[in-house]
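Tertiary structure, described
Chain residues, written in single-letter form:
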Amino acid sequence: MQVDNTTAVKFLERMLKIRITEETIAERYSKWKMRCPTHLSIGQEAVATGICSALRKDDFVLSTHRSHAHYLAKGGDLNKMIAEIYGKVTGCSSGKGGSMHLIDKNVGFMGSTSIVASTIPVAVGLGLSIKIHKTDQVSCVFFGDAGAEEGVFFESINFAVLKRLPVLFVCENNLYSVYSPLRVRQPEGRKIFAMVRGLGITSEHGDGNNVLEVYSKAERAIAGIRKGNGPYFFEFSTYRWREHCGPNFDNDLGYRAEEEFLERKEKDPLKLLESQLMDQGIIRRNDIEEMEVNIQQEIDQAFDFAEKSPFPDPEEAFIGLYRE
Ligand SMILES: Cc1ncc(C[n+]2csc(CCOP(=O)(O)OP(=O)(O)O)c2C)c(N)n1
Ligand SMILES: [Mg+2]
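Quick notes on the rules
- Residues numbered from 1 in each chain as written.
- Chains lettered and ligands numbered in written order.
- Predicted model: local features only at pLDDT ≥ 70, side-chain atom pairs only at ≥ 80, totals over all residues.
- Heavy atoms only, no water.
- Donors = N, O, S within 2.8 Å, 3.2 Å for Na, K, Ca; no water.
- Helix = DSSP H or I, 4+ residues; strand = E, 2+ residues; numbered from the N terminus.
- Buried < 20%, exposed > 50% of the residue type's maximum accessible area, 1.4 Å probe, protein only.
- Pairing = 2+ DSSP bridges.
- Right-handed = clockwise from strand over helix to strand, strands pointing away.
- Near = heavy atom within 4 Å.
- Polar contact = N/O pair within 3.5 Å; in protein donor to acceptor, adjacent residues only side chain to side chain.
- Nonpolar A, V, L, I, M, F, W, Y, C, P; charged D, E, K, R; others polar.
- Phe/Tyr/Trp six-rings, centres within 6.5 Å; stacked < 30°, edge-to-face > 60°.
- Lys NZ or Arg CZ within 6 Å of the ring centre and 35° of its normal.

Comments concerning the coordination of the magnesium ion (ligand 2)
Note on the magnesium ion (ligand 2): its protein donors are Asp 145 (OD), Asn 174 (OD1) and Tyr 176 (O). The metal-donor distances range over 2.1 to 2.2 Å. Between the donor residues of the magnesium ion (ligand 2), the gaps in sequence give the motif D-x28-N-x1-Y. With a gap of 31 residues between them, Asp 145 in the loop between strand 3 (139-144) and helix 6 (151-162) and Tyr 176 in strand 5 (residues 176-177) connect regions that are remote in the sequence. Exposure class is identical for Asp 145 and Tyr 176. Each is buried.

Re the pairing of strand 7 (residues 202-207)
By the bridge criterion, six bridges tie strand 7 to strand 8 (residues 232-237) in an arrangement that is parallel. Within strand 8, the position partnered with Thr 202 by the bridge is Tyr 232. Following the chain from strand 7 across helix 8 (residues 211-226) to the adjacent parallel strand 8, one finds a crossover that is right-handed.

Quick word on the site of ligand 1
Near ligand 1 there are 15 residues, and of these His 65, Arg 66, Ser 114, Asn 174 and Tyr 176 occur at the shortest range. Within the backbone of Ala 146, an N or O atom sits 3.0 Å from an oxygen atom of ligand 1. In this structure, Tyr 176 approaches ligand 1 through a main-chain N or O atom, which is 2.9 Å from an oxygen atom. Looking at the shell around ligand 1 residue by residue, the classes come out as five nonpolar, seven polar and three charged.

A look at the packing of aromatic side chains
Overall, the coordinates contain 14 aromatic pairs when judged by the stated rule. Ring geometry for Tyr 86 versus Phe 303: centroids 6.0 Å apart, planes at 75 degrees, classification edge-to-face. Taken as a pair, Tyr 86 in the loop between helix 4 (78-85) and strand 2 (109-112) and Phe 303 in helix 11 (residues 285-308) lie far apart in primary sequence, 217 residues in all. Judged on exposure class, the residue Tyr 86 and its partner Phe 303 are both buried. Note on Phe 169 and Phe 233: the rings are 6.4 Å apart at their centroids and 25 degrees apart in plane angle, and the pair reads as stacked. You can see Phe 169 sitting in strand 4 (residues 167-173) and its partner Phe 233 sitting in strand 8, a full 64 residues away along the chain. For Phe 169, a relative accessible area of 0% corresponds to the buried category. Residue classification places Phe 233 among the buried positions, given a relative accessible area of 0%. In this structure an aromatic cluster arises from ring pairing among Phe 143, Phe 153, Phe 154, Phe 169 and Phe 233. Positioned over the ring face of Trp 241 is Lys 265, at 4.9 Å from the centre of the ring.

Spelled out as structure tokens, the structure:
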């Protein structure tokens, strides 16, 4: 085990919280209380957990349309996240953003947006601000494999390399952009992490299902960034289990094979960590079940909080989001 037992158990707890939260969202989505489009990251919890556990609270994180895991892993408030998905005034974006537009400066979560790759330059801008203010913070941005196909992706990495900015780029390669597999979008055999080395950034690939691996790689990279070594790039292999947008499974659409889905689902990051911990006698099945019950209670309370919260005043529609 690359981390102490308590830390490893904490990782399990975080991943379970993300998984059960999203499963509860999926279960209740059809009740029409959550009206915003919702992209679930069930199956991708290990990358968010491993990276954010290696970051400090005052480090910055930016994310995409698929942002729940990143928000929760960075220490975001569950009540505020569910309330935001409900469009309530108590949400982290005051009910004006919904699932794809989470922001919570209290925990360094600087925003997520639905425009593919659009938060990458924002992370680089924050990296520049860190350099100007001479602190040892890190600016980290999560994006998908399709983010690496946007022009601004290359411009941003170039600038971060040129100015040696403290930016951590994290590409979660789940093989798909909506219904388009990588093979129809990028030349055969291309490795994103290898491609970006041409821009002069240090980069590495890792198993996005193995939270212990993600964490230990992240810890090393982040220590280097803090020392002033400049930006760092990760590509982690992962897989989204549910449909691109929404609570259902969509393998019946035919854009990916059921066999591929089942094979990838076998590599469940949660099951992997559970068996790593149980094999070493660090935790028992009963303890995990107890943990799940407690987490579900916390989630139920967050849904209650969201249900009971008011909607924002229509007068406030375009103001207030960024007010201190
Ligand atoms: C600039 C831009 N182009 C297209 C879209 C439509 N779109 C929304 S999500 C998405 C797929 C993104 O795939 P990826 O970045 O790999 O993230 P994933 O959904 O797999 O997590 C696309 C093309 C968009 N939102 N923004
Ligand atoms: Mg993708």
